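Listed below are the residues making up each chain.
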Amino acid sequence: MPLRAAASRASAVAVAAAAGFALVAASPASAAGPVNYVALGDSYSAASGNFPLDPTAPLLCARSTRNYAHLIAARTGARLTDVSCGGAQTKDFAGGQYPGVAPQLAAVGANTDVVTLTIGGNDNSTFISSILACGSLGVLTAGFGSPCKDAYGDSFNQTIDNKTGPAVEAALRAVRNKAPHARVAILGYPWIVPATADPSCYPKMPLASGDVPYLRDLQAHLNRAVRKAAAATGATYVDMSAVSNGHDACAPVGTRWIEPLFFSTSLALVHPNPLGESKMADQAMAALHLG
């Protein structure tokens, strides 16, 4: 073999070997085994109200095996540790939510690769409780006016800005401190009510017509606070606003991702149904480039 040809072949082999080494070096997760995935958060993460229940979860958490974390793990082969729990607040990351239930941050460690969560909706009775309060007032006015807006005004938004937003940011920083190399994604809350009142929805969601846009704006304000907290801590914000538009609790069965207060097809009242959880999984996977 001529010297020049031999040198050329040797060079090609060296390049191929280097490329192969780079490929292996760039894929540590596949070499080390399944991704270590930890799911934190509240009832929107736990899929509370949907069956079957997760047999490994405390009964009070009402965690379902049909939540978006289980779906992501099944699709990707990730090794899932799911500690999401219905009713969770940011304080439950550092302290036990119920007797005998460990703080959620106990599940996060230096070997955690991926973390997903929804949190903030239960803090300070800011959002989920406001839906129930506004529903009660809507019944009293037979769906007319804006009794909830008249009663609470800007107080919910002020609470989000002064308390809930900073608490979500602190919770994300705590996750980052325990898992500095993990990809962390916090999901926004899918739309619960439409942008404007729909009279046909009143039996399912008994909100006064003027309080429907009020609650929609409140949810948007909360999601902006979550987005801001994600940006401040280097987490990924998973925006559910655009994709969930038209899939709120007023939409028909098979279209809605959130179940209404009345005439629901499950116990997931004002919470995502299995279709909604599946769509949340889709968005989280896309944002984290999983799958």
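Preceding this paragraph is the structure being described.
Residues numbered from 1 in each chain as written. Predicted model: local features only at pLDDT ≥ 70, side-chain atom pairs only at ≥ 80, totals over all residues. Heavy atoms only, no water.

1. Looking at the state of the cysteines
Right, on to step 1. Counted under the stated rule, the structure contains three disulfides.
Right, on to step 2. Across the disulfide from cysteine 61 sits cysteine 85; the S-S distance is 1.9 Å. Taking the sign of the torsion about the S-S bond as the criterion, the disulfide between cysteine 61 and cysteine 85, at about -90°, is left-handed. Here cysteine 61 is found in the loop between helix H3 (43–46) and helix H4 (68–76), whereas its partner cysteine 85 is found in the loop between strand E2 (79–82) and strand E3 (114–117), with 24 residues between them in sequence.
Right, on to step 3. Classification of cysteine 85 by relative accessible area gives buried; the value is 2%.
Right, on to step 4. The residue that forms a disulfide with cysteine 201 is cysteine 250, at a sulfur-sulfur distance of 1.9 Å. Taking the torsion about the S-S bond as the criterion, the cysteine 201 to cysteine 250 disulfide, at about -75°, is left-handed. You can see cysteine 201 sitting in the loop between strand E4 (183–187) and helix H8 (211–233) and its partner cysteine 250 sitting in the loop between helix H9 (241–244) and helix H10 (274–288), a full 49 residues away along the chain. Cysteine 250 carries the same exposure label as cysteine 201, and that label is buried.
Right, on to step 5. Take the cysteines of the protein chain that form disulfides and number them in order along the sequence; they join up as 1-2, 3-4, 5-6. (Disulfide = S-S within 2.5 Å. Helix = DSSP H or I, 4+ residues; strand = E, 2+ residues; numbered from the N terminus. Buried < 20%, exposed > 50% of the residue type's maximum accessible area, 1.4 Å probe, protein only.)

2. A closer look at the packing of aromatic side chains
Each aromatic ring pair is specified by the distance between its two centres and by the angle formed by the two planes.
Right, on to step 1. Enumeration according to the criterion identifies two aromatic pairs in this entry.
Right, on to step 2. Judged by centre distance (5.1 Å) and plane angle (80°), the rings of tyrosine 44 and tyrosine 189 are edge-to-face. Taken as a pair, tyrosine 44 in helix H3 and tyrosine 189 in the loop between E4 and H8 lie far apart in primary sequence, 145 residues in all.
Right, on to step 3. You can call tyrosine 44 buried: its relative accessible area is 1%.
Right, on to step 4. Above the plane of the ring of tryptophan 191 lies arginine 216, whose end atom (NZ or CZ) is 3.7 Å from the centre. (Phe/Tyr/Trp six-rings, centres within 6.5 Å; stacked < 30°, edge-to-face > 60°. Lys NZ or Arg CZ within 6 Å of the ring centre and 35° of its normal.)

3. Quick notes on the packing of H4 against H10
Right, on to step 1. One way to put it is that H4 packs onto H10 with a least axis distance of 8 Å and a crossing angle of 55°. What the angle tells us is that H4 and H10 run oblique. Between H4 and H10 lies a crossing whose hand is right-handed. Seen from H4, the contacting residues are Tyr68, Leu71, Ile72, Arg75 and Thr76; seen from H10, they are Glu277, Ser278, Met280, Ala281, Asp282, Ala284 and Met285.
Right, on to step 2. Classifying every residue of the contact of H4 with H10 by side-chain character gives seven nonpolar, two polar and three charged. (Axes fitted to C-alpha atoms, helices over the stretch in contact; angles between N-to-C directions. Parallel < 35°, antiparallel > 145°, perpendicular 65-115°, else oblique. Left-handed = near helix turned anticlockwise from the far one by under 90°. Contact = heavy atoms within 4.5 Å. Nonpolar A, V, L, I, M, F, W, Y, C, P; charged D, E, K, R; others polar.)

4. A word on the sheet that holds strand E1 (residues 36–39)
Right, on to step 1. Sheet architecture is open: five strands sit in the order E2-E1-E3-E4-E5, paired in parallel fashion. With one partner strand each, in any of the chains shown, E2 and strand E5 (236–238) form the two edges of the open sheet. Taking the axes of each pair of neighbouring strands and ignoring which way they run, one obtains an average angle of 20° across the sheet.
Right, on to step 2. Bridging between E1 and E3 involves three bridges; their strand directions are parallel. Residue pairing in the sheet places alanine 39 in a bridge with threonine 116 of E3.
Right, on to step 3. Set on the sheet, helix H7 (residues 155–178) makes contact with E3 and E4; between it and E4 the angle comes to about 155°. (Pairing = 2+ DSSP bridges.)

Taken by themselves, the reported measurements are silent on function.
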